[in-house]
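Single-letter residue listing:
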Amino acid sequence: MKIPVDLDKVAQARDLAIAITRPLKAYFAEHSTITIERAVLRLYGIDGTDADDVPWPNRVVEQLASAGRLDRGAAIALGQAVLATGRDPQEAAEALASGIIPFDDAPESLAQAREWALMVARRKLDDLMAFRARRREMRAALGTGPSPWKYVIVATGNIYEDVPQAQLAARQGADIVAVIRSTGQSLLDYVPFGHTTFGTGGTYATGANFKLMRQALDELGAELGRYVQLTNYASGLCMPEITVLAAQEGLDMLLNDALYGILFRDINIYRTLTDQHFSRLLNAACGILINTGEDNYLTTADAFEEGHTVLSSQFINERFALDAGMTESLMGLGHAFEMNPGTEDGLLYEIAMAQLVRQVFPDAPIKWMPPTKHVTGNVFWTYAHNTLYNLVGVLTDQSIELLGMLTEAIHTPFASDRYLALKNADYVFNYARHLQDEIAWNPDGRIAQRARQVLDEAVTLLEEVADEGLVKAIGRGVFAGVKRPPDGGKGLEGVFARHSAYFNPFEDLLDAGKPAIARRVVQPEATP
Amino acid sequence: MSLVKQPDLTNVLPYGDTLDDGKVQCSFALPVPAGPEAAEAARRMLLQLGLKDPLLVAMEEMGPSTTFFVLYGTATVGVDYATIHVPKAEFEHLDMHEIDDLIERVLGRELVVVGACPGSDAHTVGIDAIMNMKGFAGHYGLERYRQIRAINMGAQVPPETLVARAIEEGADAVLASVVVTQKDLHITTLTHLVEIMEAEGVRGRILAIVGGPRMTHELATELGFDAGFGPGSFAEDVAAFVAQELIRRQSR
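Just so it is clear, the structure is predicted and the values come from calculations on it, not from any experiment.

What follows deals with the nonpolar core. Residues and elements named next belong to chain A. Counting residues in hydrophobic clusters, the biggest one holds 153 residues, and the most contacted among them are Tyr 44, Leu 311 and Leu 470. The leading source of residues in this core is helix α18 (residues 446–468), at nine residues. Setting aside residues up to four positions removed in sequence, Leu 470 forms contacts with Ile 20, Leu 24, Leu 273, Ile 316, Phe 320, Val 465 and Phe 479.

The structure is reproduced here in structure tokens:
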């Protein structure tokens, strides 16, 4: 099933996305952030907290900042501390944090520290790559279900409640389990530590929680003979650190979208885009599939009027991902079924949008999101709404489908809500499995016209954004109707310009290892 | 005389297909395997809830030792609808133009409204629906009102920041939108907000209004707010209340 898509327009959109992201690429190369440096420390294995529960990576970065040394990066300071103390990196980091290690600017000392930092970084990345390769083998051996992959969330606040809920959901047929974070975690400028039991609206993302859930789903996957994917949320002030923990603990996917953080969590533009670049370099190397949050635009803006903003943003997100070395196969670009259910022919417009995104990003595991904005507390009506959502999902060959819950807008899902959601999805996906092969849309009909309109409007918007620059465009509220000024939002104080001696061997190694992505992404096949 | 029976409003019962039949639909899960014992357990659950004649219509095992049930039962007691009094924000419903005209005519100045999702709440859907130009479901938001200067501070605003901004802007009303209510998070945040307004000495001067999917006027007033708006409320409800309450206060 194909709708006519003007490939010249698609190519034009991609060119515009290159122009839009170019100035920011230059910015990333000249700046770093406190969470990138903490992520570097975590990659070296620095973990745990001090007696006041402050994570050691935070302690070290605070010490470097107060000593005016942060602009050189954390790697060299750690290297000097290791060489000066002769201790392992963790002990050396703790000594470094306490301020007892004098900084030495002698060229020889710096050179030795760089050498140590590069050597150990290479070893740490090799270990991480070997770990990810073992996981890929296990995943290939067990296999994953057919697409759309059924994605469900657990969000009890207590990791020990989450585990049985996640296992139950996987037994019921879920392909992907997401553990929603506690409300407000995206705005914490540190990652909590250990197993946690007290989140509200979700469970804290911590390395220990990741490990426990991963182990539980691996065990269940082995029993079921089906690999169960695990995802969590990296968008927020600690995006690179969450990515490191996800890489270390074997997560398959991450919500990883700076634009989402800017618009919906009021995180500073420069902070989170810089964080995102380093985070995506690591995702690319580790094969972590990212999810982007364009679906959210339609919760604050009208889905019919603003559909093109989703597509425009996807082009920008695609380009940011390509620049970090991600292949299309790792781009879970987000969009949603959010049209007002009172709209005449609304289903046709939803099909048009979903099919357009499918054809524009043919190799991306696009992520389709369920209705939320027009969902009321009437669970029966919501269940009907979700059935049509599932039908459009299978009809337009969506890759990842977050299943709508009949109790959306009421509470975090009950086990029985997930059961009913999976039953609905299984019914529709199976019952309409090959419907897409049987349909040829009227080339001049409402669906084709709507798709053409959305693409045209997306290109027009990208032209505007390219003219004024992404930062200015966000400042005037082009996405989601939300305006964010360049110097506003949370976390700007954590961004700093790199010193000429700045050194981040992980970035250098990841950057050098990027697959050749300067090429234009594959264009969708021409349609008759 | 009509043969159609009328409900007795002093003893209202759930309505299935016959007036006063008391029919109630229930669904829930129990952490036990499906089977005759599970079915009996589900029926007993309804009996213990005071529903008679429990009828089990669906029992589906949704995992090891977890079963989903759908049942019907019959309520045995009715409620006295006639004497129910639910506190509501008192105001006359007006449309946007009428509200603008009223403000201009009686108050003779622009009103300032500052809104936010206070505390850790990150869900701006509600505050955006009330405040943003576009509004929701065809009801324009406060930004669209000629006589209202609306400042939407967005999500996760500390109550201190919200109150400080309201003072700085010379606000007539503070709007708090609370969506996340797990573990009564919103109660703590809202109580804190009112306390800060009192501590700053502006509680009598600035109207405190709260809205959200789980909000009622009664709960809002218990927490010390002037009004609470639940689901189905639009910008004109908030604006009409603010304008009319300010007029009431001015004329006192």
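From this point, the narrative continues.
All names here are of chain A. Here helix α6 (residues 107–142) contains 36 residues, and its C-alpha end-to-end distance of 52 Å stays within 8% of the 52 Å for a straight helix at 1.5 Å per residue. Along α6, the positions that sit buried rather than exposed are Ser 109, Ala 113, Trp 116, Ala 117, Val 120, Ala 121, Leu 125, Leu 128, Arg 132 and Arg 135. With its phi angle positive at about 85 degrees, Gly 143 sits one or two positions after the end of α6.

Residue and element names in this part refer to chain B. With respect to burial, strand β3 (residues 66–75) is a largely interior element, nine of its ten residues being buried. Relative to β3, strand β2 (residues 51–63) is paired through nine bridges, and the arrangement is antiparallel. Bridging across to β3, Lys 52 finds its partner in Thr 74. Connecting β2 to the antiparallel partner β3 that follows it, the hairpin turn spans two residues, and Ser 65 within it adopts a positive phi of roughly 55 degrees.

Once that is clear, we can look at the sheet that holds strand β3 (residues 176–179) of chain A. Residue and element names in this part refer to chain A. Strands sit in the order β7-β6-β5-β4-β3-β2-β10-β9-β8 across an open sheet of nine strands; the sheet is parallel. The open sheet is flanked by β7 (331–332) and β8 (334–336), the only strands paired with a single partner. Sheet topology note: the strand β5 (residues 253–255)/strand β6 (residues 289–291) ladder contains three bridges and is parallel. Note on β6: the bridge partner recorded for Leu 255 is Asn 291. Strands β2 (149–154) and β10 (400–402) of the sheet are contacted by helix α16 (residues 415–431), whose axis makes an angle of about 170 degrees with β2.

At the junction of the two partners, chain A supplies 31 residues and chain B supplies 24 residues. Interface of chain A and chain B: buried area, both sides summed, is about 2,100 Å²; carbon and sulfur atoms make up 55% of it. It is Thr183(A), Thr200(A) and Tyr419(A) that lose the most area in chain A upon contact with chain B, and together they represent 22% of the buried surface on that side. Linking chain A to chain B there are one salt bridge. Between Lys423(A) and Glu60(B) there is a salt bridge, with its nearest N and O atoms 2.7 Å apart. Applying the counting rule to chain A against chain B returns four residue pairs in polar contact (both at pLDDT 80 or more). Counting residues per element, the ones that place at least two in the side of chain A that touches chain B are α7 (159–171), α10 (258–265), α12 (297–300) and α16 of chain A. Ranked by the residues each element gives to the side of chain A that touches chain B, the list is headed by α16(A), at five residues.

Moving on to unusual backbone geometry. A cis geometry characterises the amide bond from Ser147(A) onward to Pro148(A), with omega recorded as -5 degrees. Its location among the elements puts Pro148(A) in the loop between α6 and β2. In the Ramachandran plot, Gln156(B) falls in the positive-phi region, its phi being about 55 degrees despite a non-glycine side chain.

Let us look at helix α20 (residues 505–512) of chain A. All names here are of chain A. For α20, the full list of buried residues reads Pro 505, Phe 506, Glu 507 and Leu 510. Buried residues belonging to α20 abut α2 (34–43), α4 (74–85), α6 and α11 (269–286). The opening residue of α20 is Asn 504, an N-cap whose side-chain oxygen sits 3.2 Å from the backbone nitrogen of Phe 506.

Cut-offs used in this document
- Residues numbered from 1 in each chain as written.
- Chains lettered and ligands numbered in written order.
- Predicted model: local features only at pLDDT ≥ 70, side-chain atom pairs only at ≥ 80, totals over all residues.
- Heavy atoms only, no water.
- Core = buried A, V, L, I, M, F, W, Y, C linked by side-chain atoms within 4.5 Å.
- Buried < 20%, exposed > 50% of the residue type's maximum accessible area, 1.4 Å probe, protein only.
- Helix = DSSP H or I, 4+ residues; strand = E, 2+ residues; numbered from the N terminus.
- Contact = heavy atoms within 4.5 Å.
- Expected span 1.5 Å × (residues − 1).
- Pairing = 2+ DSSP bridges.
- Axes fitted to C-alpha atoms, helices over the stretch in contact; angles between N-to-C directions.
- Buried area = accessible area lost by both parts, 1.4 Å probe.
- Salt bridge = Lys/Arg side-chain N within 4 Å of Asp/Glu carboxyl O.
- Polar contact = N/O pair within 3.5 Å; in protein donor to acceptor, adjacent residues only side chain to side chain.

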